[in-house]
Amino acid sequence: MREAMFAAPLGDDVFGDDPVVLQLQAHTAELLGTEAALFVPSGTMANQIALRAHTQPGDEVIIGAGAHVWRYESGALAALAGVQTQVAGTGGMFSAADVRACWRPVDPYSAPTRVVAVENTHNSAGGRVWDPAELRAVAEAAHALGMTTHLDGARLWNAAVASHRTERELATGFDSISVCLSKGLGAPVGSLICGSAAFIAKCHRFRKMYGGGMRQVGFLAAAGLHALDHHRARLAEDHANARGLAEVLASSPKLRIDLSSVQTNIVMIDLVSGSAADLVATAKSRDVLVTASGPQRIRVVTHLDVSRDQVMQAAKTIAELA
Ligand SMILES: Cc1ncc(COP(=O)(O)O)c(C=O)c1O
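Residues numbered from 1 in each chain as written. Predicted model: local features only at pLDDT ≥ 70, side-chain atom pairs only at ≥ 80, totals over all residues.

## A look at the nonpolar core
Selection criterion: Working definition: the nonpolar core is a set of buried Ala, Val, Leu, Ile, Met, Phe, Trp, Tyr and Cys residues, joined through C-beta atoms within 7 Å. Any residue surrounded by 20 or more other C-beta atoms within 10 Å of its C-beta is treated as buried, while 12 or fewer makes it exposed and the intermediate range makes it partly exposed; C-beta atoms here are placed from the backbone. Strands here mean DSSP runs of E at least two residues long; helices mean DSSP runs of H or I at least four residues long; both are numbered from the N terminus. The contact criterion used here is simple: two residues whose C-beta atoms, placed from the backbone, lie within 7 Å are in contact.
Counting residues in hydrophobic clusters, the biggest one holds 79 residues, and the most contacted among them are Val99, Ala117 and Ile193. Among the elements that line this core, the one with the most residues is helix H11 (residues 218-230), at seven residues. Excluding anything up to four places from it in sequence, alanine 117 contacts Leu51, Val61, Ile62, Ile63, Ala67, Val69, His150 and Asp152. Ranked by size, the runner-up nonpolar core spans 21 residues in total, among them Ile257, Val262, Ile269 and Val300.

## Considerations on the site of the ligand
Note the cut-off: All residues are tested the same way: a C-beta atom is placed from the backbone, and lying within 6 Å of a molecule or strand makes the residue near it. Nonpolar residues are Ala, Val, Leu, Ile, Met, Phe, Trp, Tyr, Cys and Pro. Charged residues are Asp, Glu, Lys and Arg, and all others, Gly as well, are polar.
In the neighbourhood of the ligand, the contacting residues comprise Ser42, Gly43, Thr44, Asn47, His68, Glu119, Asn123, Asp152, Ala154, Cys180, Ser182 and Ser191. Per-element tally for the shell around the ligand: the top contributor is helix H3 (residues 43-54), with three residues. A class-by-class count of the residues in the shell around the ligand yields two nonpolar, eight polar and two charged.

## As for the sheet that holds strand S8 (residues 255-256)
How we decide: By definition, two strands form a pair when at least two bridges between them are found by DSSP.
Ordered in space as S8-S9-S11-S10, the four strands form an open sheet in which the pairing is antiparallel. Pairing within the sheet leaves two strands with one partner each, and these edge strands are S8 and strand S10 (291-294). Pairing analysis gives five bridges linking strand S9 (residues 266-271) to strand S11 (residues 297-301), with the strands arranged antiparallel. Paired with isoleucine 269 across the strands is isoleucine 298, a residue of S11.

## Let's talk about unusual backbone geometry
Cis geometry is adopted by the peptide bond preceding threonine 121, which originates at asparagine 120 and carries an omega value of 0°. Note on placement: threonine 121 falls in the loop between strand S4 (113-119) and helix H7 (132-144). A positive phi is found at serine 74, a non-glycine position, where the angle reads about 60°. Here serine 74 is to be found in the loop between helix H4 (68-71) and helix H5 (76-81). The exposure class of serine 74 is exposed, given the 11 C-beta atoms found within 10 Å. Of note, the phi angle at lysine 183 is positive, near 55°, even though the residue is not glycine. Within the fold, lysine 183 resides in the loop between strand S6 (176-180) and strand S7 (191-195). Judged by C-beta crowding, with 19 C-beta atoms within 10 Å, lysine 183 ranks as partly exposed.

## Regarding the environment of threonine 55
The topology assignment puts threonine 55 in the loop between H3 and strand S2 (60-64). Classification of threonine 55 by C-beta neighbours within 10 Å gives buried; the count is 21. In this structure, the C-alpha to C-alpha distance between threonine 55 and alanine 76, residues 21 residues apart in sequence, is 13 Å. When sequence neighbours within four positions are dropped, the list of residues in contact with threonine 55 reads Val61, Ala81, Val83, Arg114 and Val115.

## A few points about the packing of helix H2 (residues 19-32) against H11
Spelled out, the test is: Inter-axis angles, ranging from 0 to 180 degrees, are taken between N-to-C directions of lines fitted to C-alpha atoms, where helices are fitted over the stretch in contact. Should the near helix be turned anticlockwise from the far one by less than a right angle, the crossing is left-handed, and should it be turned clockwise, the crossing is right-handed.
Contact geometry of H2 with H11 gives a least axis separation of 8 Å together with a crossing angle of 35°. As for how H2 packs across H11, the hand of that crossing is left-handed. Here H2 contributes Pro19, Val20, Val21, Gln23, Leu24 and His27 to the contact with H11, which in turn contributes Gly218, Ala221, Ala222, Gly224, Leu225 and Leu228.

Here you go:
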């Protein structure tokens, strides 16, 4: 990846003439089956620009419980797009019936329900994967009610591997899709918004407004292209490692793990006693890096920089500390 970055020819992407950025955008659009794509610095910016482009201030966005766009994007939907959210279903996933139940006809008392935003895989639900048929049904229900659809696909690559579908199949029915090159794909930075040419043109203007225009950025796009070409298929290893870790830790009487939720590279672990922050700090002193995802919940993510042996060693350390 570093060699690809060093070798990248550079242009100026604010002028739209960085050759590797153009290549990355075309390649990602092709993978997702959309007309166009736009390179942005982060997944947060990709989601926020897309949802801003779908809405007007005062509109409402339907989301799943714990959605990243609501929980971890610093209030940007309210602050930047001026929209409110309504939660459909429970646990992050929802159905077409839930979409219909959330929708309200236009009246002077209600915020127009304008967009349905789905997260696949769902981060705070432990990397859960949407059932492809449910995904399609939700998008169809949204369109039937005149709404648009956004897919937060920061980890769509993991969803594709886990559900044995192409990214393009999982993106069908969505008017916009955000994908990340960092996270499991291992690029240092970068995300893309994918959609129709007209939608991406609209996003381009908001990218400028949100300060996301980058200039000689082809070296980062080169990292992204390398990640797309070399690191997608291997995500299955991360999934198997997460499963292995979860199965070992599930046998500890001090820990609670819902094994049915371990579907990709994320494992959520609840402590029977003690604080997650303390465990995270002690684990760090033993070279095991995990995060707290609640007062008694820790979140473990497997990725390309940790081998099977290291993951199993980490499992042993976590069990001892618990
Ligand atoms: C589902 C999801 N969407 C969006 C993001 C935001 O990505 P970034 O950290 O690049 O802003 C994340 C980050 O973890 C995520 O998990």
